Amino acid sequence: FAAGSNASNIMSNALLADYVDNKHRGMAFGMTSMAGGMGALLTVFVFLRLPSILTKNGISLQLAGRYTYWIVAGLALVAMILVFIGLMGKTKSQKEEKRTILEIAREALLAAKNDPGISLAYGINFVATGAVTVVGTFFTLWIVTYGTTQAGLTSAEALARGGMIMGISQVMGLIGSPFFGILSDKISRVLAVTIAMAATCIIYLATLFITDPLSNNMIFLGLFIGFVQISGVITGGALIAQQAPANIRGSVMGFYGFCGALGTMLAAVLGGFLFDNWIGQGPFVLSSALAFILAIWGTLVFINNRKRSR
C-alpha cells in the first residue's frame, strides 16, 4: 500500500512539473488535490460501505472485504489504461538513465544544498503530509474516544458523529484546494508555502480550545481544519515543481516524496504517543509546532530571495 501510494504521488508531481507551464502549476496542483479529495469522499461514502452492503446480500464478511478490494483495484486498472494512453511517449526534456538509489539521493540532496527553495520544499512536504495524516488518523479517533468514554455514546453513535464532522471537513478541503493553487500562481511560491504553514499552525493549535469535540464548536473548527489541511501539500508541490532542475527532476521529486513519507511516519508514531499519553489534541499540537518552524524558515527564505533580487 505504501509503495503504491507514494509511487502515484511522486509520479503525479513529476508529471505536473513536466507537462504544466510554470505560471499554471499552482492551479494544476490545486485541481489534482481537489480530485484526490473527491476520491477520499468516494472512499468514505461508497467504498467503506461496500462490505456492509455485500454482507447484507448474503456474502460472507471475508469475501465482502476481498470483493471491495477487487473493485478498487479494477478502478486503478482503468486509471492505468487512461494514463498509458494519454501520456504515451516522453517529455521533451526527458532522458532515460539508469542510476543507483544512492546516486539519486545524492543528486536530490546536492540540489537542496544549492537551492534554499528546494530544501524548503522538502521540509514543507515533511510537515504538510504529516498534517494531513494527523487529520486522517486522529480527527475521528479523538471524537469517537471522547464520545464513548466521556459522553456515554455507543461506538456507532460516536463514529456517526465523527464521520459527519469529518465529511464536512473534507468538503472544505475541496474548496481550499483550488484556492491555495491559485494563491501559488498569483504570489511568490515561497510566500505561498509560508502562508500555508502559518495558517496550519494557527488552526491546528486552536484545537486546544476545544473541550468537547462533539460540540458545534468542533464543527466550526473542522471547517477551517479541512480548508488548511492540504494547503502545504499544494503550495509545496508547486514550489518543488518550479525549483526542481529539469535534468534531475525525477530524483528531486522522489526525495520530496520520501520526505512526505517520513512526515507520515512521524505524525503516526509520535502523534499516537501524544494521543495516548497526553491529550486528544496532542497530534494537532505536534503538527502546529512543526508548521510554526516551517513558517519561520519560509519567511527567512523569502526575505533572502527579496534581498538577492534587488
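Conventions we followed
- Residues numbered from 1 in each chain as written.
- Predicted model: local features only at pLDDT ≥ 70, side-chain atom pairs only at ≥ 80, totals over all residues.
- Heavy atoms only, no water.
- pLDDT = per-residue confidence, 0-100.
- Helix = DSSP H or I, 4+ residues; strand = E, 2+ residues; numbered from the N terminus.
- Buried < 20%, exposed > 50% of the residue type's maximum accessible area, 1.4 Å probe, protein only.
- Contact = heavy atoms within 4.5 Å.
- Axes fitted to C-alpha atoms, helices over the stretch in contact; angles between N-to-C directions.
- Parallel < 35°, antiparallel > 145°, perpendicular 65-115°, else oblique.
- Left-handed = near helix turned anticlockwise from the far one by under 90°.
- Nonpolar A, V, L, I, M, F, W, Y, C, P; charged D, E, K, R; others polar.

1. Things to note about the confidence of the model for the protein
- Scored by pLDDT, the protein has a mean of 89; 96% of the residues are at 70 or more.
- Taking the mean pLDDT of every element in the protein, the minimum, 74, falls on helix α1 (residues 2–19) and the maximum, 97, on helix α8 (residues 189–205).

2. Points about the environment of Leu-174
- For Leu-174, the position within the fold is in helix α7 (residues 155–186).
- What makes Leu-174 buried here is its relative accessible area of 16%.
- Apart from residues lying up to four places away in sequence, Leu-174 is in contact with Met-34, Gly-37, Met-38 and Leu-41.

3. Brief notes about the packing of helix α2 (residues 25–45) against helix α10 (residues 231–243)
- Direction vectors running N to C along α2 and α10 enclose 135°, while the axes themselves pass 9 Å from each other. Accordingly, the angle class assigned to the pair α2 and α10 is oblique. Along this stretch, α2 crosses α10, giving a crossing that reads as right-handed. Contact residues: α2 offers Arg-25, Gly-26, Phe-29, Gly-30 and Ser-33, while α10 offers Ile-234, Gly-237, Ala-238, Ala-241 and Gln-242.
- Partitioning the contact of α2 with α10 into residue classes produces four nonpolar, five polar and one charged.

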